[in-house]
Amino acid sequence: MSCAGVWRSFEMERDNLQQNRSDAPVLGLILKGYPRISETFISNEILGLERLGFRIHIFSMRKPREHFSHNSVHHIRARADYLPETLTAAPLSFFTENAILAVQKPKCYAAALRLAFRRYRRTRKSATWKHLLQAGYLVKHFLPGTGVSHLHAHFAHSPTSVAMFASLLSGLPFSFTAHAKDIYTSDPDQLREKIIRANLVVTCTEYNRRHLTALSPGARTPIRRSYHGIDMHRFSQATSPASISGRPYRILTVARLISKKGLPTVFLALKRLRDQGIAFEHDLIGDGEDRAAIQALIHQLNLHPITRLHGTLPHHQVREYYRRADLFILGCEIAPNGDRDGIPNVLIESMAMGVPVVTTNVSAIPELVEHGRTGLLVPPGDPDAMVQAIITLLTDADLRKKIIVNAQQNVRQHFDSHTLINGLADLYRRAMGEKRKAER
């Protein structure tokens, strides 16, 4: 029996279990972790889709690791099921569910094994086998009875690997959203294979879309851009456009403490700013693997009396720092492993709040920040250029006012999540509609 034919037996079981529920199809979202503080854009997307009538079921590859979550998570109705994180986490059920599935669907499982072997042979990464087993567990243990008709993964690396294998094992189509690190640190052949097998690829910048298109020439899979955007109701200006808090200036950075954020450039620029006799205070919100190195650099540059490192904060507290800030700075760069930002949401939030930004011209950032019009851009790794841009936006009142007004207009026009979610919903509806059409 074919994969699609065997899957019909699962669908019959699902239908019997859902007699008293809506027959609307369910979108199955495969996530690396849920919820995650650094992935507010995903929880906002889920909430926005639910408000448009989508039924969603979340399959998370690991449980939350933070002790709090953003407000949007508390309004999400979707059920979340958690896959075993490692092969040793639940070895008996892990292998038992896969063994049963292999007996029930031998052709599908054999196809998945061949794909896994081919992918393992390319990279020699044992995670390939874990992703296959997680997919088998998802299909056998969680999927029946959910009503899921389409699988969508966020991030092109491990979640999409699980989605691809789950698609083979279930007969359901899959799609994925590619973001930043997952694109540029993935093996190109592995990523190309995922693009070809998916029925839709979504990515959050035009820069990414062009890269993925060039990576998969001739692929029939549509690759669509959908900006993340922000909730404009949550981020609104509280002061007049050209207002300054007064000396000392208040400078803000919100970022994960990792290489691609270019924080050494930020602090070298701040040292030069202080050495020129300009009084300021700097707040750094965020945490990450480079925390110890960043703290050491702050002390080495003798910036610790005027820089406060706050760690990760919930959105309502971050908004208060935006409201008090005179300037937002971020030094994004391409990390040694190829990782880079797309368009950091913190830049959009800052611009919406009427806080002008100084950042770098890396990756897709110029799609948001137009130099001299909606912000100031400098080359990555250039603290001298950054400090000059900082001084300009703190002291040139006319330019500052123009940039703030233009930046807010740009965000309202192109990065309002309430508008963008409608376009994304249409992409999902078409992807899910193709499945229903094929079934008929």
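Rules and cut-offs
Residues numbered from 1 in each chain as written. Predicted model: local features only at pLDDT ≥ 70, side-chain atom pairs only at ≥ 80, totals over all residues. Heavy atoms only, no water. Helix = DSSP H or I, 4+ residues; strand = E, 2+ residues; numbered from the N terminus. Buried < 20%, exposed > 50% of the residue type's maximum accessible area, 1.4 Å probe, protein only. Contact = heavy atoms within 4.5 Å. Areas by Shrake-Rupley, 256 points an atom, 1.4 Å probe, with all protein chains shown as cover. Pairing = 2+ DSSP bridges. Axes fitted to C-alpha atoms, helices over the stretch in contact; angles between N-to-C directions. Expected span 1.5 Å × (residues − 1). Polar contact = N/O pair within 3.5 Å; in protein donor to acceptor, adjacent residues only side chain to side chain. Phe/Tyr/Trp six-rings, centres within 6.5 Å; stacked < 30°, edge-to-face > 60°. Lys NZ or Arg CZ within 6 Å of the ring centre and 35° of its normal. Salt bridge = Lys/Arg side-chain N within 4 Å of Asp/Glu carboxyl O.

## Observations regarding the overall build of the protein chain
- Helix and strand content of the protein chain: 16 helices and 13 strands.
- Burial statistics for the protein chain: of 440 residues in total, 57% are counted as buried.
- For the protein chain, the proportion of contacts with a sequence separation of at least 24, taken over those separated by at least 6, is 75%.
- As displayed, the protein chain offers around 18800 Å² of accessible surface, 50% of which is attributable to carbon and sulfur atoms.

## Here's the deal with the sheet that holds strand β6 (residues 201–203)
- As summarised here, the arrangement of the seven strands in space is β3-β2-β1-β4-β5-β6-β7, forming an open sheet in which the pairing is parallel. Edge positions in the sheet fall to β3 (79–82) and β7 (223–225), since each of these pairs with one other strand and no more. Within the sheet, the average angular offset between the axes of one strand and its neighbour, ignoring direction, is 25°.
- Contacts from helix α6 (residues 158–170) reach β1 (26–31), β4 (148–154) and β5 (174–178), with the element oriented near 160° to β4.
- Sheet strands in contact with helix α9 (residues 206–215) are β5, β6 and β7, and its direction is about 170° off that of β7.

## Looking at helix α2 (residues 40–51)
- With twelve residues, α2 should cover 16 Å at 1.5 Å per step; its first-to-last C-alpha distance of 17 Å lies within 8% of that length.
- Counting buried positions along α2 yields ten of twelve residues, so the element is predominantly enclosed.
- Along α2, the residues that are buried comprise Thr40, Phe41, Ile42, Ser43, Glu45, Ile46, Leu47, Gly48, Leu49 and Glu50.

## Quick notes on helix α8 (residues 188–197)
- Gln190, Leu191, Glu193, Lys194 and Ile195 are the residues of α8 that are buried.
- For α8, the capping residue at the N-terminal end is Asp187, with a side-chain oxygen 3.0 Å from the backbone nitrogen of Asp189.

## A look at the packing of aromatic side chains
- Evaluated as defined, the whole model comprises eleven aromatic pairs.
- Measuring from ring centre to ring centre gives 6.4 Å for Phe59 and Phe142, while their planes differ by 40°; the resulting arrangement is tilted. Pair noted here: Phe59 is in strand β2 (residues 55–60) and Phe142 is in helix α5 (residues 127–142), with a separation of 83 residues, a long-range link. With respect to burial, Phe59 and Phe142 carry one shared label: buried.
- Judged by centre distance (5.8 Å) and plane angle (50°), the ring pair of Tyr120 and Trp129 falls under tilted.
- Within the aromatic cluster, the residues linked to one another by ring pairs are Phe59, Phe94, Phe95, Tyr137 and Phe142.
- Looking at Arg324, its charged tip hangs above the ring of Tyr321, at a distance of 4.6 Å from the centre.
- The positively charged end of Arg340 is found above the aromatic ring belonging to Tyr184, 4.0 Å away from the centroid.

## Focus on unusual backbone geometry
- Of note, the bond from Tyr34 into Pro35 is cis; its omega dihedral lies within 30 degrees of zero at -15°.
- Take Pro35: it is sitting in the loop between β1 and α2.
- Although it is not a glycine, Arg124 sits at a positive phi angle of roughly 60°.
- Counting through the fold element by element, Arg124 comes out in the loop between α4 (106–123) and α5.
- One non-glycine residue with positive phi stands out, namely Ser363, at about 55°.
- On the secondary structure map, Ser363 appears in the loop between β12 (357–360) and β13 (376–378).

## Here we look at the pattern of salt bridges
- In total, this model carries 22 salt bridges according to the counting rule given.
- Residue Arg234 pairs with Asp231 through a salt bridge whose shortest N-O separation is 3.5 Å.
- According to the relative accessible area criterion, Arg234 is partly exposed, its value standing at 29%.
- Asp231 gets classed as buried once you look at its relative accessible area, which sits at 16%.
- Here Glu320 makes a salt bridge to Arg323, at a shortest N to O gap of 2.6 Å. Residue Glu320 and its partner Arg323 are both found in helix α12 (residues 315–324); the two are separated by three residues, about one turn of the helix.

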